[in-house]
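Residues per chain, in single letters:
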Amino acid sequence: MAIQSIVDEQETEYQKGVKQLYEKGIKKLPRKYILPSHERPNITSNNGHQNIQLPVIDFAELQGPNRAQVLKSLANACENYGFFQVVNHNIGDGVISDMIDVGTRFFGLPFEERSKYMSANMKAPVRYGTSFNQNKDNVFCWRDFLKLMCQPLPDVLPHWPSSPQDFRKSAATYAKDTKHLFVMLMEAILESLSPAPETAAFPTADGEVVDEMEKELMEGGSQLMVVNCYPPCPEPDLTLGMPPHSDYGFLTLLLQDDVAGLQIQHNDKWVTVDPIPNAFVVNVGDHLEIFSNGRYKSVLHRVLTNQSRNRISVASLHSLPFEYTVRPWPKLISEQNPQRYRDTDFATFLQYISSCEPKRKNFLESRKIC
């Protein structure tokens, strides 16, 4: 009974998150966070891994006379990397620095203040937690997070943290600006995918022209903002900040501080993405891979930890409204290119991750038509 009591006490501590452990000054990584040897990043034994220069999309060029050329570069990035970086995106440096700043200060609050937002409800408008999926993870990740539903903003904003005092204002401005950037990027991606670029509407299988999906992506849609905190880790070779995974939505816009940590799988190797100041790392999500019928790739990525520096990132995940069904774009389906994915929706995704430990691209694989 005494041993079980100790185990339960340790489990309670782990549920409080890694910021707590770091602040206690631990020198050794608890067993709960140690990955099996074949899943470890092995940073020091692999020369720190290779770095990668992702394709860079100049947003200003995308809006100018060179749009056709930039669209080709965008298609190449989505097909061959699943990731790209966006510069000159018109989101002000102040908006970006304010978001990183309030995120950093939120995780600097006492645990009692942060814990107010803990919830097991995955549909809660705000949710504070730790690891990747703390209710299912056998091995925990070295990461704490704050998840914020962003749509409709007037409804969810009163639920967001009221401390730091400027959190809501800074995060709301950031959410609105990233939503606008997502809309502009999706317009370009739809244009790059379309076999007939002059056609803006979505034809159904029976030839009827509708633009409902486009309208929902552009005007409604879902937006989830995730502020991630990765404190210094005593033994970064043994764990990960986030495990290999893909994102569920259409696009994710990631803002990093100046501490590297994001890795993507490219040509079967893990490569590190160097942060570009005030740029966004954008990646194709599972829904866009389904919508493009496999042409654009949702790529595995993970997060490394380090011993010396705190790392903050802000991910903005965008997709259709949660109740909508995602299916391959009928324009792209033909005898030569049959449908490769089952129709899916957010409820199916939630049911999947609630029933098992989500790993790699398992959910997307489950939607493929053999």
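As a reminder, the structure under discussion sits directly above these lines.
Residues numbered from 1 in each chain as written. Predicted model: local features only at pLDDT ≥ 70, side-chain atom pairs only at ≥ 80, totals over all residues. Heavy atoms only, no water.

### Some thoughts on the overall build of the chain
Part 1 of the reasoning: Check the secondary structure of the chain and you find twelve helices and 17 strands.
Part 2 of the reasoning: For the chain, buried positions account for 54% of its 370 residues.
Part 3 of the reasoning: Considering only residue pairs separated by 6 or more positions, the chain has 78% of its internal contacts joining residues 24 or more positions apart.
Part 4 of the reasoning: Just so you have it, the chain exposes about 16,700 Å², and 50% of that area is on carbon and sulfur atoms. (Helix = DSSP H or I, 4+ residues; strand = E, 2+ residues; numbered from the N terminus. Buried < 20%, exposed > 50% of the residue type's maximum accessible area, 1.4 Å probe, protein only. Contact = heavy atoms within 4.5 Å. Areas by Shrake-Rupley, 256 points an atom, 1.4 Å probe, with all protein chains shown as cover.)

### Here we look at the sheet that holds strand β4 (residues 126-130)
Part 1 of the reasoning: The strand order β2-β3-β13-β10-β15-β8-β5-β4 describes an open sheet built from eight strands, whose pairing is mixed. Both outer strands of the open sheet, β2 (56-58) and β4, are each paired with one neighbouring strand and no more. This sheet shows a mean twist of 25° between the axes of neighbouring strands, independent of strand direction.
Part 2 of the reasoning: Relative to strand β3 (residues 83-87), β2 runs parallel, the two sharing three bridges. Counterpart to D58 in the pairing with β3 is V87.
Part 3 of the reasoning: Lying on the sheet, helix α8 (residues 167-193) is in contact with β3, β5 (144-149), β8 (222-230), β10 (251-256), β13 (280-284) and β15 (311-319); it crosses β10 at an angle near 130°. (Pairing = 2+ DSSP bridges. Axes fitted to C-alpha atoms, helices over the stretch in contact; angles between N-to-C directions.)

### Some thoughts on unusual backbone geometry
Part 1 of the reasoning: Between Q151 and the following residue, P152, the backbone shows a cis peptide bond with an omega angle of -10°.
Part 2 of the reasoning: Following the sequence through the fold, P152 ends up in the loop between β5 and α7 (153-156).
Part 3 of the reasoning: Following S163, the chain continues to P164 via a peptide bond in cis, the omega torsion being 0°.
Part 4 of the reasoning: Position of P164 among the secondary structure elements: in the loop between α7 and α8.

### Re the environment of G25
Part 1 of the reasoning: Counting through the fold element by element, G25 comes out in the loop between α2 (18-23) and β1 (50-52).
Part 2 of the reasoning: Taking C-alpha positions, G25 is 9.1 Å from P234, a pair spaced 209 residues apart along the chain.

### A few points about the sheet that holds strand β12 (residues 269-273)
Part 1 of the reasoning: As summarised here, the arrangement of the five strands in space is β1-β12-β11-β14-β9, forming an open sheet in which the pairing is mixed. Strands at the two margins of the open sheet, each flanked by one partner only, are β1 and β9 (242-245). Between one strand axis and the next, the sheet turns by 35° as a mean value, whatever way the strands run.
Part 2 of the reasoning: Both β1 and β12 contribute to a ladder of three bridges, which runs parallel. By the bridge assignment, Q50 is partnered in β12 with V271.

### Overview of the pattern of salt bridges
Part 1 of the reasoning: The tally for this structure, following the rule as stated, stands at ten salt bridges.
Part 2 of the reasoning: For E235, the salt bridge goes to K28, with nearest N and O atoms at 3.4 Å. On the criterion of sequence distance, the pair formed by E235 in the loop between β8 and β9 and K28 in the loop between α2 and β1 is long-range, its members being 207 residues apart.
Part 3 of the reasoning: One salt-bridge network, in which partners are shared between bridges, spans D101, R105 and D166. (Salt bridge = Lys/Arg side-chain N within 4 Å of Asp/Glu carboxyl O.)

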